[in-house]
Amino acid sequence: MVIVYRSNTGFTKEYAEMLGKAEKMKVCPLAEAQGKVGPGETVFFMGPLMAGHIAGIDQAVRQFAVKGVCGVGMSPASPQVLETLAKANYTNGAPIFYLQGGWAPKKVGWLKRRMVGMATKSMRESLRNKGSRRTPEEDRQLDFLLHGGSFVAFENLKAIQEWMEELTM
Ligand SMILES: Cc1cc2nc3c(=O)[nH]c(=O)nc-3n(C[C@H](O)[C@H](O)[C@H](O)COP(=O)(O)O)c2cc1C
C-alpha cells in the first residue's frame, strides 16, 4: 500500500510522512502520484478538510484503488466529526479516519482565512466572553483559533496503524 496525500499548509504532509516512516510505506503527494503509483497498488489517501470535504478525495478515488481514507482538520477528534465526514465524502466503501492537524492562518489566503473565521466565530466569541472565567484549556483553545497552532502527534496515528496491521495479517 502507498500513502498518497494532499496538503495545503503542511499538517497532512507531516502525518503522511510520519505514518510512512513508521509503517515503512512509500509516501507520495497526489499531484505527483500519476505514473508513480502503479495500477496494481493499493492506496491510503490523506487530505485536509475544507468545509467538511476531504480535499483531493474525489481525484484519488477516481485514479487509484483507495482502501482507506483519512481527513485532517483543525477540530478535535470525536465520533460526531467522523460521522459528518462519512456523510460528506464518497470513499467507494473504504473506511474513513480523522486526525486533528492544526491551523496555520498565515499560510492561507485572506478569503480562506475569512471562511474559517466565520465558521469559528461563535466559538471564539463565547470563549472571549468568558474573560477571566476561561480555564487554561479554554485559553489555549482561543489562542489556537486566533493565532493557529499544531496538534500533530504520533500517538494520534494509533487507530490507523492498527487497521493497517490487521489488513496485512
Ligand atoms: C477554507 C478552509 C476550510 C476548512 N474547513 C475545515 C473543516 O470543515 N473542518 C475542520 O476541522 N478544519 C477545517 N479547516 C482547517 C484545515 O482542515 C486544517 O488546518 C488542516 O490541518 C489543514 O491541513 P494541511 O496543513 O495539510 O493543509 C479548514 C481550513 C480552510 C482554509
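Look above for the structure.
Colleague: Break down the packing of helix α1 (residues 11-23) against helix α8 (residues 158-167) for me, with residues and values.
Modeller: It is at 11 Å that the axes of α1 and α8 come closest, and there the two elements cross at 40 degrees. On the basis of their axis angle, the class for α1 and α8 is oblique. Pair α1 / α8 crosses with right-handed handedness. Here Leu-19, Ala-22 and Glu-23 of α1 lie close against α8, whose contacting residues are Ile-160, Gln-161, Met-164 and Glu-165.

Colleague: Which residues make up unusual backbone geometry, and what are the values?
Modeller: Comment: phi is negative for the bulk of residues other than glycine, and the bulk of peptide bonds are trans. Not every positive phi belongs to a glycine, and Lys-24 is a case in point at roughly 55 degrees. Inspection of the secondary structure assignment puts Lys-24 in the loop between α1 and β2 (27-29). Taking the relative accessible area as the measure of exposure, Lys-24 reaches 77% and is therefore exposed. Positive phi, close to 50 degrees, is recorded for Ala-51, a residue that is not glycine. For Ala-51, the position within the fold is in the loop between β3 (42-50) and β4 (53-54). For Ala-51, a relative accessible area of 83% puts it in the exposed group.

Colleague: An account of the layout of surface pockets is needed here, citing residue identities and associated values.
Modeller: The computed volume of the largest pocket comes to approximately 1,100 Å³. Lining the largest pocket are 41 residues, with Leu-49, Gly-73, Met-74, Ser-75 and Val-116 sitting closest to its centre. Taken together, the elements giving at least two residues each to the lining of the largest pocket come down to α1, β3, β5 (65-73), α4 (79-88), β6 (96-100), β7 (102-103), α5 (110-119) and α7 (136-147). Broken down by element, the lining of the largest pocket gets its largest block of residues, six residues, from α7. In terms of residue class, the lining of the largest pocket is built from 21 nonpolar, 15 polar and five charged. Each of domain 1 (2-103 + 151-167) and domain 2 (105-147) accounts for three or more of the residues forming the lining of the largest pocket. Surrounding the second largest pocket, Ala-77, Ser-78, Leu-82, Phe-97, Tyr-98, Leu-99, Gln-100, Asn-156, Leu-157, Ala-159 and Ile-160 form its lining.

Colleague: A description of the packing of helix α6 (residues 121-130) against α7 should follow, citing residues and the corresponding values.
Modeller: Running from N to C, α6 and α7 cross one another at 135 degrees; their axes reach a closest spacing of 10 Å. By the criterion of interaxial angle, the relationship of α6 to α7 is oblique. Of the two elements, α6 crosses α7, and the hand of that crossing is left-handed. Mapping the contact onto sequence places Met-123, Arg-124, Leu-127, Arg-128 and Lys-130 in α6 and Glu-138, Gln-141, Leu-142, Leu-145 and Leu-146 in α7. Looking at side-chain class alone, the contact of α6 with α7 contains five nonpolar, one polar and four charged residues.

Colleague: Hey, could you go over the site of the ligand for me, with residue numbers and the actual values?
Modeller: Near the ligand, the surroundings consist of 22 residues, among which Ser-7, Thr-9, Thr-12, Leu-49 and Gly-102 are the closest. Contact distances for the ligand include 2.7 Å between an oxygen atom and a backbone N or O atom of Asn-8. Contact with the protein chains hides 89% of the accessible area of the ligand, taken as 650 Å² for the molecule alone. Put simply, the ligand lies in the largest pocket. Breaking the shell around the ligand down by element, the ones donating at least two residues are α1, β3, β5, β7 and α5. For the shell around the ligand, a count of residues per class yields 11 nonpolar, 10 polar and one charged. Inspection of the shell around the ligand shows a minimum of three residues originating in each of domain 1 (2-103 + 151-167) and domain 2 (105-147).

What counts and what doesn't
Residues numbered from 1 in each chain as written. Predicted model: local features only at pLDDT ≥ 70, side-chain atom pairs only at ≥ 80, totals over all residues. Heavy atoms only, no water. Axes fitted to C-alpha atoms, helices over the stretch in contact; angles between N-to-C directions. Helix = DSSP H or I, 4+ residues; strand = E, 2+ residues; numbered from the N terminus. Parallel < 35°, antiparallel > 145°, perpendicular 65-115°, else oblique. Left-handed = near helix turned anticlockwise from the far one by under 90°. Contact = heavy atoms within 4.5 Å. Buried < 20%, exposed > 50% of the residue type's maximum accessible area, 1.4 Å probe, protein only. 1 Å grid on protein atoms, 1.4 Å probe; cavity = no way out; pocket = protein on both sides within 12 Å on 5 of 7 lines; lining within 4 Å. Points joined across faces, edges and corners; volume = space filled by probe spheres on them. Nonpolar A, V, L, I, M, F, W, Y, C, P; charged D, E, K, R; others polar. Domains from an automatic or database assignment. Near = heavy atom within 4 Å. Polar contact = N/O pair within 3.5 Å; in protein donor to acceptor, adjacent residues only side chain to side chain. Areas by Shrake-Rupley, 256 points an atom, 1.4 Å probe, with all protein chains shown as cover. Sits in = over half its atoms within 2 Å of the grid points.

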